[in-house]
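Close look at the chain arrangement
Chain by chain, the residues run as shown.
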Amino acid sequence: MAIRKKSTKNPPVLSHEFILQNHADIVSCVAMVFLLGLMFEITAKASIIFVTLQYNVTLPATEEQDTESASLYYYGVKDLATVFFYMLVAVIIHAIIQEYVLDKINRRMHFSKTKHSKFNESGQLSAFYLFSCIWGTFILISENYISDPTILWRAYPHNLMTFQMKFFYISQLAYWLHAFPELYFQKTKKEDIPRQLVYIGLYLFHIAGAYLLNLNHLGLILLVLHYFVEFLFHISRLFYFSDEKYQKGFSLWAVLFVLGRLLTLILSVLTVGFGLARAENQKFDLSAGNFNVLAVRIAVLASICITQAFMMWKFINFQLRRWREHSAAQAPAVKKKPTVTKGRSSRKGTENGVNGTVTSNGADSPRNRKDKSS
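Please read these numbers as outputs of a predicted model, since none were measured by experiment.

1. Here's the deal with unusual backbone geometry
Residue Pro 157 is bonded to the preceding Tyr 156 through a cis peptide linkage, with omega at 10 degrees. The topology assignment puts Pro 157 in the loop between helix 4 (113–142) and helix 5 (163–185). With a phi close to 60 degrees, Asn 144 is a non-glycine residue in the positive phi region. Structurally, the position occupied by Asn 144 is in the loop between helix 4 and helix 5.

Given below as structure tokens:
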């Protein structure tokens, strides 16, 4: 008898399946390396660049305003290291929400594969949108943006930010960057990847643009407005998965979506087209962070208008698809018992395809006539 020799080759430690199943633990270990680096004097200078916000300046207190000294921040190259660290944190939080919240609900509801992926997507995004809305609204209230809208363009460039403002933008960039590796970790379908890449790229383009062009005030208001509308859509989709008769949330979202696009255009034109266009300081100065020139203003407005038009086009297609599905579900199925007749009536029934026979003249069937009229 031939004796089989046992294979002495061990499977690769970092195999594809191993990374997918343990990616949260791997990322946690990498993040802990930066945190542990703060404990040692040799590595503290390098680790602090990743963990804490950089480029802070302290403004002395003034006697006229009777205020204390304030610590403000501006942006620089070192922010990339901070964004990378908080991208790792976003991956860990994503895994915690997935394992301890969404997976437990999925086991109870027994969703199909298609609903399972959409439920996970809406669950993750609704949590992020809700958190970002609350955080952004807190910043708007604390810095009096709502009571004084002229702060959007007054005293531009807004190159100095409070801690909350800068940390908000760092977190936004980190979250949307973490969405790229999540496409691999979550085993996203190939046909869904282009759609995901488009909206991730749009978020990064506009958030980074507002951050780098010192339009952080305008960017914050537009993000809060947009996130609120998107939160309503994804929370409505979660309710829809639990009860397919639930449609009220989508109706409210449809109205707010159109209003959100109009408000976005109005605020953008008001700030960039009128406020900054009438400002006295209209010189391009990279060191001072002043980008208030005609070419930049046109580029900003063009990017916002094109994005809003693209979103409206997707919205109209979505509503038309939902209308077709709803009308198809409401249309009663035409059922007739097959009858055997002789002569002319039998021939006529066969031509119209009402006796279970599909012919080239099927467009004249009662059901198709009804679809055309609808």
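2. Remarks on helix 3 (residues 79–109)
For helix 3, spanning 31 residues, the distance from its first C-alpha to its last is 42 Å, which sits close to the expected 45 Å at 1.5 Å a residue. Along its length, helix 3 shows its largest kink, about 40 degrees, at Gln 98. Backbone geometry just after helix 3 places His 110 at a positive phi near 55 degrees.

3. A word on the environment of Phe 241
With respect to the secondary-structure elements, Phe 241 resides in helix 7 (residues 216–242). On a C-alpha basis, the gap between Phe 241 and Phe 111 in space is 8.4 Å, while along the polypeptide they are 130 residues apart. Residue contacts for Phe 241: discarding those within four places in its chain leaves Phe 111, Lys 115, Lys 118 and Phe 119.

4. Some remarks on a positive patch on the surface
A contiguous patch of positive charge, built from Lys 113, Lys 118, Lys 189, Lys 314 and Arg 321, is present on the exposed surface. Elements that contribute at least two residues to the positive patch include exactly helix 4 and helix 9 (294–330). Among the structural elements, Lys 118 can be located in helix 4. When its relative accessible area of 37% is taken as the criterion, Lys 118 is described as partly exposed.

5. Here we look at the pattern of salt bridges
Per the counting criterion, the structure on display carries four salt bridges. Across the pair Lys 166 and Asp 79 runs a salt bridge, and its minimum N-O distance is 3.0 Å. Pair noted here: Lys 166 is in helix 5 and Asp 79 is in helix 3, with a separation of 87 residues, a long-range link. Taken as a pair, Lys 166 and Asp 79 share a single burial class, namely buried. Here Arg 154 and Asp 148 are joined by a salt bridge, their closest N and O atoms 2.9 Å apart. Overall, Arg 154 belongs to the partly exposed group, its relative accessible area being 43%. Residue class for Asp 148 comes out partly exposed when judged on its relative accessible area of 25%. Through salt bridges with shared partners, a single network forms among Glu 121, Arg 195 and Arg 237.

6. So, the packing of helix 4 against helix 6 (residues 193–212)
Packing of helix 4 against helix 6 brings their axes to within 15 Å, and their N-to-C directions diverge by 10 degrees. Classified by the angle their axes make, helix 4 and helix 6 are roughly parallel. Here Glu 121, Leu 125 and Tyr 129 of helix 4 lie close against helix 6, whose contacting residues are Arg 195, Gln 196, Tyr 199 and Tyr 203. Its residues assigned to classes, the contact of helix 4 with helix 6 shows four nonpolar, one polar and two charged.

About the cut-offs
- Residues numbered from 1 in each chain as written.
- Predicted model: local features only at pLDDT ≥ 70, side-chain atom pairs only at ≥ 80, totals over all residues.
- Heavy atoms only, no water.
- Helix = DSSP H or I, 4+ residues; strand = E, 2+ residues; numbered from the N terminus.
- Expected span 1.5 Å × (residues − 1).
- Bend = angle between axes of the 7 residues up to and from the residue.
- Contact = heavy atoms within 4.5 Å.
- Patch = residues over 30% accessible without salt bridge, like charges linked within 9 Å, V, L, I, M, F, W, Y side chains within 5 Å.
- Areas by Shrake-Rupley, 256 points an atom, 1.4 Å probe, with all protein chains shown as cover.
- Salt bridge = Lys/Arg side-chain N within 4 Å of Asp/Glu carboxyl O.
- Lys, Arg positive; Asp, Glu negative; His and termini not counted.
- Charge placed at Lys NZ, Arg CZ, Asp CG, Glu CD.
- Buried < 20%, exposed > 50% of the residue type's maximum accessible area, 1.4 Å probe, protein only.
- Axes fitted to C-alpha atoms, helices over the stretch in contact; angles between N-to-C directions.
- Parallel < 35°, antiparallel > 145°, perpendicular 65-115°, else oblique.
- Nonpolar A, V, L, I, M, F, W, Y, C, P; charged D, E, K, R; others polar.

Bear in mind that shape data such as this cannot, by itself, settle questions of function.
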